[in-house]
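# Coordinates in review
Here's the letter readout for the chains.
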Amino acid sequence: MSGFSTVQPDPSMIGRVTKPPFAILPQPGPLFRRRAERFRVLAEGSDLGPYLTFLAGICEAQAALAESLPPIEPIAEEQVARAIEHKMPPLDRGALPLSPALRETVWAYLDAVTPLPMPAPASAALDALRQADDAALTELLTHVTADSVPFEALPQHLFLSAATQIHAARLASTLPAEKLEPIETGTCPCCGGPPVASLVTGMQGAEGARYAACAFCGTHWNEVRIKCLACGTTKGVGYKSAETTEATVKAETCDTCRSWVKILYQDKNPAFEAVADDVASLGLDILMQQTEYRRAGFDPFLIGY
Ligand SMILES: [Zn+2]
Ligand SMILES: [Zn+2]
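Calculation criteria
- Residues numbered from 1 in each chain as written.
- Chains lettered and ligands numbered in written order.
- Predicted model: local features only at pLDDT ≥ 70, side-chain atom pairs only at ≥ 80, totals over all residues.
- Heavy atoms only, no water.
- Helix = DSSP H or I, 4+ residues; strand = E, 2+ residues; numbered from the N terminus.
- Rg over C-alpha atoms; globule rule 2.2 N^0.38 Å.
- Buried < 20%, exposed > 50% of the residue type's maximum accessible area, 1.4 Å probe, protein only.
- pLDDT = per-residue confidence, 0-100.
- Contact = heavy atoms within 4.5 Å.
- Core = buried A, V, L, I, M, F, W, Y, C linked by side-chain atoms within 4.5 Å.
- Donors = N, O, S within 2.8 Å, 3.2 Å for Na, K, Ca; no water.
- Tetrahedral: all angles 85-135°; square planar, octahedral: opposite > 155°, others 65-115°.
- 1 Å grid on protein atoms, 1.4 Å probe; cavity = no way out; pocket = protein on both sides within 12 Å on 5 of 7 lines; lining within 4 Å.
- Points joined across faces, edges and corners; volume = space filled by probe spheres on them.
- Nonpolar A, V, L, I, M, F, W, Y, C, P; charged D, E, K, R; others polar.
- Axes fitted to C-alpha atoms, helices over the stretch in contact; angles between N-to-C directions.
- Parallel < 35°, antiparallel > 145°, perpendicular 65-115°, else oblique.
- Expected span 1.5 Å × (residues − 1).
- Arc of directions from axis to C-beta.

## Here we look at the overall build of the chain
A count of helical and extended segments in the chain gives ten helices and eight strands. The C-alpha radius of gyration of the chain comes to 20 Å, within 12% of the 19 Å expected for a compact globule of 305 residues. Summarising its shape, the C-alpha atoms of the chain cover approximately 75 × 50 × 45 Å along the three principal directions. Taking all 305 residues of the chain together, the buried fraction comes to 50%.

## Focus on the confidence of the model for the chain
Residues of the chain with pLDDT of at least 70 account for 93%, and the chain-wide mean is 93. Between residues 1-16, whose pLDDT stays under 50, and residues either more than four places distant or in other chains, the model counts one contact.

## Let's talk about the nonpolar core
Note that soluble globular proteins tend to have their nonpolar side chains buried in a common cluster. Ranked by internal contacts, the top residues of the largest apolar core, which has 82 residues, are F39, I58, L91, Y109, F159, C217 and F301. Here this core takes eleven residues from helix α3 (residues 49-68), the largest share from any one element. With residues up to four places along the chain from it excluded, the contact list for Y109 reads I58, A61, Q62, L65, F159, A162, A163 and I166.

## A short note on the coordination of the zinc ion (ligand 2)
Surrounding the zinc ion (ligand 2) are the protein donor atoms C228 (SG), C231 (SG), C254 (SG) and C257 (SG), which sit 2.2 to 2.3 Å from the metal. If you look at the zinc ion (ligand 2), its four donor atoms make angles of 105 to 113° with each other, and the shape they trace is tetrahedral. Here the donor residues of the zinc ion (ligand 2) are spaced in sequence according to C-x2-C-x22-C-x2-C. For C257, a relative accessible area of 25% puts it in the partly exposed group.

## Considerations on the layout of surface pockets
Roughly 420 Å³ of internal volume is contained in the largest pocket. Lining the largest pocket we find 17 residues, and of these I24, L31, R34, H220 and Q266 sit closest to its centre. The dominant element in the lining of the largest pocket, judged by the number of residues it contributes, is helix α2 (residues 28-43), at three residues. Residues that form the lining of the largest pocket fall into these classes: ten nonpolar, five polar and two charged.

## Description of unusual backbone geometry
The general pattern is negative phi for most residues beyond glycine and trans for most peptide bonds. For K87, which is not a glycine, the phi torsion comes out positive at approximately 55°. Positive phi, close to 55°, is recorded for D147, a residue that is not glycine. Summarising the element assignment, D147 is placed in the loop between α7 (134-145) and α8 (154-172).

## Re the side chain of R35
Of note, R35 is situated in helix α2. Residue class for R35 comes out buried when judged on its relative accessible area of 2%. What R35 contacts, discounting residues up to four positions off in sequence, is C59, Q165, E273, V275 and A276.

## Focus: the packing of helix α5 (residues 100-113) against α7
Across the interface, α5 lies against α7 with an axial gap of 12 Å and an inter-helix angle of 95°. Regarding the angle of α5 to α7, the classification is roughly perpendicular. Residue-level contacts link L102, R103, V106 and W107 of α5 to D134, L137, T138 and L141 of α7. When grouped by side-chain class, the residues that make up the contact of α5 with α7 number five nonpolar, one polar and two charged.

## Some remarks on α5
Counted at 1.5 Å a residue, the expected span for α5 with its 14 residues is 20 Å, and the 20 Å between its end C-alpha atoms agrees. Buried within α5 we find L102, R103, T105, V106, Y109, L110 and V113. The buried residues of α5 occupy an angular sector of 160° when projected down its axis, which confines them to one face. The exposed set on the far side of α5, more than 90 degrees from its buried face, consists of P100 and E104. Those residues of α5 that are buried lie in contact with α3, α6 (120-131), α7 and α8.

## Notes on the coordination of the zinc ion (ligand 1)
Taken together, the protein ligands of the zinc ion (ligand 1) are C188 (SG), C191 (SG), C214 (SG) and C217 (SG), with distances of 2.3 to 2.4 Å. Because the angles between the four donor atoms bound to the zinc ion (ligand 1) fall within 99 to 119°, the donor set is best described as tetrahedral. All donors of the zinc ion (ligand 1) belong to a single chain; written as a sequence motif, their spacing is C-x2-C-x22-C-x2-C. Side by side, C188 and C191 carry an identical accessibility label, which is buried.

Here is the structure:
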């Protein structure tokens, strides 16, 4: 029976708690590919079917471009070190509207989405973008990088957001994940943006940990499980959902700042993808519009609803 004697706890494992990684950087190709696939699945049988199918095409074009563009020039090491030292995001959104590399991605992306079936307003917006002069494009990109959406240019904003996401995810993927540090609660440690939603992960080694997801650069970062991602308080945090039974998508509400952000229980449904499932769970947004709380998550694909 000597075999049993070997079944002893390994002393080196006692007391060891695996710490979930703080930042998970995007892999641009797989990120957009997975999002596109999820949109396709969600489109089946959804009231939002045509829109989700359109977004699947938008993300497929993102994936194809992310996989075919030549390697991007990484963010300079000194800039990264300086930003981290000063608790600033190393990916400087403010510099993007004038970046020649982003422009190239924008032009290539507009070409890539031209064959997609789309409603007339979207097609007209695409034409307008192709004819936009440099100053007009800079202005639109300034709105995109600031998450401010001009109501009169919603479809233009969607196309440019999608193109900018490719560029931002490619830049974020060059950062040293292990060196990134928290900036503020609810703030992307790569680009300084707000989360689209957060996910309770079932990822091995991090089961039950919560990650906030950035729609702009595709980074996921670890946050305390019960905490307002808008103001950082842990007091007066509650949960609301559209279903009465066990819900896998909830609104995390805050009685301090009266805002809410979606939380997706990916440990219960591994198929969840932050951006796609945010759009597809529009029903929760409609429910929350009838409450006193305002949405704090930002998703450029959900603007206009
Ligand atoms: Zn980000
Ligand atoms: Zn709050």
